[in-house]
Amino acid sequence: SLKMWRSIWEDLAAPHLKAAEAALARGNKAAADSAIRTSLTMLGLAYSGDGYYIYVPLPERRRILPVQRRLYQQLREINGDRVERVAIPHARGVTAGLLHLPPGATGRVPALVVIHPLAGDKDDYDVTAEPFRQAGFATFCFDMPAHGENFDGPRIRPDDEQVAVAALEVLADRPEVDADRLAVMGGSLGAFFALRTAALSSRARACLAFASPFDIGSGLARAVPGIRHSFAWVVGAQTYAETLEKGKLFSLYDVPQRIKCPVLIVHGTRDHICDFTASYEIARRVRSPLTVQPVVGADHEVAQPKDPRIVGPAIAWLRTFLNGNGR
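What counts and how
- Residues numbered from 1 in each chain as written.
- Predicted model: local features only at pLDDT ≥ 70, side-chain atom pairs only at ≥ 80, totals over all residues.
- Heavy atoms only, no water.
- Helix = DSSP H or I, 4+ residues; strand = E, 2+ residues; numbered from the N terminus.
- Rg over C-alpha atoms; globule rule 2.2 N^0.38 Å.
- Buried < 20%, exposed > 50% of the residue type's maximum accessible area, 1.4 Å probe, protein only.
- Contact = heavy atoms within 4.5 Å.
- Pairing = 2+ DSSP bridges.
- Axes fitted to C-alpha atoms, helices over the stretch in contact; angles between N-to-C directions.
- Core = buried A, V, L, I, M, F, W, Y, C linked by side-chain atoms within 4.5 Å.
- 1 Å grid on protein atoms, 1.4 Å probe; cavity = no way out; pocket = protein on both sides within 12 Å on 5 of 7 lines; lining within 4 Å.
- Points joined across faces, edges and corners; volume = space filled by probe spheres on them.
- Patch = residues over 30% accessible without salt bridge, like charges linked within 9 Å, V, L, I, M, F, W, Y side chains within 5 Å.
- Areas by Shrake-Rupley, 256 points an atom, 1.4 Å probe, with all protein chains shown as cover.
- Salt bridge = Lys/Arg side-chain N within 4 Å of Asp/Glu carboxyl O.

Draft legend 1. Examining the overall build of the protein chain more closely. On a plain count of helices and strands, the protein chain comes out with twelve helices and eight strands. Over its C-alpha trace the protein chain gives a radius of gyration of 19 Å, about what one expects of a compact globule, namely 20 Å for 327 residues. With respect to the three principal axes, the spread of C-alpha positions in the protein chain is 55 × 50 × 40 Å. Relative to its full complement of 327 residues, the protein chain shows a buried share of 54%. Here the analysis covers contacts within the protein chain between residues at least 6 apart in sequence; of these, 73% occur between residues at least 24 apart.

Draft legend 2. Summary view of the sheet that holds strand β6 (residues 207-210). Read from one edge to the other, the open sheet built from eight strands follows the order β1-β2-β4-β3-β5-β6-β7-β8, with strand pairing classed as mixed. Across the chains shown, the open sheet's two edge strands, defined by having one partner strand only, are β1 (83-90) and β8 (290-295). If you compare each strand with its neighbour and ignore which way they point, the axes differ by 20° on average. Note that strand β7 (residues 263-268) and β8 share six bridges and pair parallel. Across the sheet, His267 pairs through a bridge with Pro294, a residue of β8. Across the face of the sheet, helix α7 (residues 189-200) comes into contact with β3 (109-115), β5 (177-187), β6 and β7 while running at roughly 140° to β5.

Draft legend 3. Region of the structure containing the nonpolar core. Counting residues in hydrophobic clusters, the biggest one holds 61 residues, and the most contacted among them are Val113, Ile115, Phe140 and Phe142. Those residues in contact with Phe142, other than ones at most four positions away along the chain, are Ile88, Thr95, Ala96, Gly97, Val113, Val114, Ile115, His116, Lys122, Val163, Ala164 and Ala167. Grouped together as the second largest cluster of nonpolar side chains are 27 residues, Ala183, Leu208, Val266 and Leu318 included.

Draft legend 4. The pairing of strand β4 (residues 138-142), seen in detail. In terms of burial, β4 is a largely internal element, five of the five residues being buried. Of the two faces of β4, the one carrying Ala138, Phe140 and Phe142 and the one carrying Thr139 and Cys141 are both buried. Pairing between strand β2 (residues 93-100) and β4: four bridges, direction antiparallel. Within the sheet, the bridge partner assigned to Leu99 lies in β4 and is Phe140. With five bridges connecting them, β3 and β4 associate as parallel partners. Bridging across to β4, Val114 finds its partner in Cys141.

Draft legend 5. How the structure looks around empty space enclosed by the protein. Enumeration over the complete set of coordinates arrives at two cavities of 30 Å³ or more. By volume, the largest cavity is sized at about 60 Å³. Considering the residues around the largest cavity, the lining is formed by Leu65, Gln68, Arg69, Tyr72, Asp121, Lys122, Asp123, Asp143, Gly148 and Glu149. Among the secondary structure elements, those contributing two or more residues to the lining of the largest cavity are α3 (65-78) and α4 (122-128).

Draft legend 6. Region of interest: the pairing of β3. Of all the seven residues making up β3, seven are buried; the element is thus mostly covered by neighbouring parts of the structure. One ladder, built from six bridges, connects β3 with β5; its direction is parallel. Within the sheet, the bridge partner assigned to Val114 lies in β5 and is Met185.

Draft legend 7. Structural context of a nonpolar patch on the surface. A cluster of nonpolar side chains, contributed by Leu2, Tyr52 and Tyr53, occupies part of the molecular surface with about 400 Å² of accessible area. Looking at where Tyr52 falls in the secondary structure, it is placed in the loop between α2 (29-46) and α3.

In structure tokens, the structure reads:
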């Protein structure tokens, strides 16, 4: 039965969770690393799906978030990563961010504010940002409202780029970071807010948008049930009609024109979550230096830029502009 999807995967993850604890107790880092990654993969499957026939309602993730957060922390500790939990005060409160420095970094390094997708969080998307750290960039992932450690807090609003703007200011004050080489990136809903952040903050010297929506309100009626229900949860809508009404406020019609920094748009041509045509709507409004990278045949996995054919060109583009060669 499809109703058993979550429980089956959780049961499959259970022995790997025990194996991870046993390996940590023995000091066997390699075994612990393997068991933790397997556990995270299975738990990720347990609480995800195709959005059509298999998906777990977002409120049910509440019970697993602390477990996943602990596993991600253990993974970072095992690998000796240079990570610091940093508070980000903003207009609506305070959120937590993970400042993750690149391996072997010395001096002041370029850095990215990284915004997770709908139903994501800072710990999960911090893993997605790993290729950027390997390329020498620090990353600063944080929890948006109604996500991660803010899961039961205030709901997300269409102007919550203010949180990312505050994150840029916090990042600029860090002694490890070069305040003149900051960028903002995001995936899916995170890309939507990355573009809005670039339009609002002069701190962002480059903006990377992976699989961004353009007009969320107009797309909700056609969206798969899993996306519709997740969006309703994070905006605090109680009915389908209220979901559509709140969705109308989430659009980019007047945003790209105000961006001053270079913009990279990356989108899969077969994206069934955020239609590929969104990239056209964004691109034709951008007035700053623009690069559009279609990923032929790709779906919404582009929002998680880990595939070398996606992240490789993005890193090369980022290096050009943050080094000042393309500005």
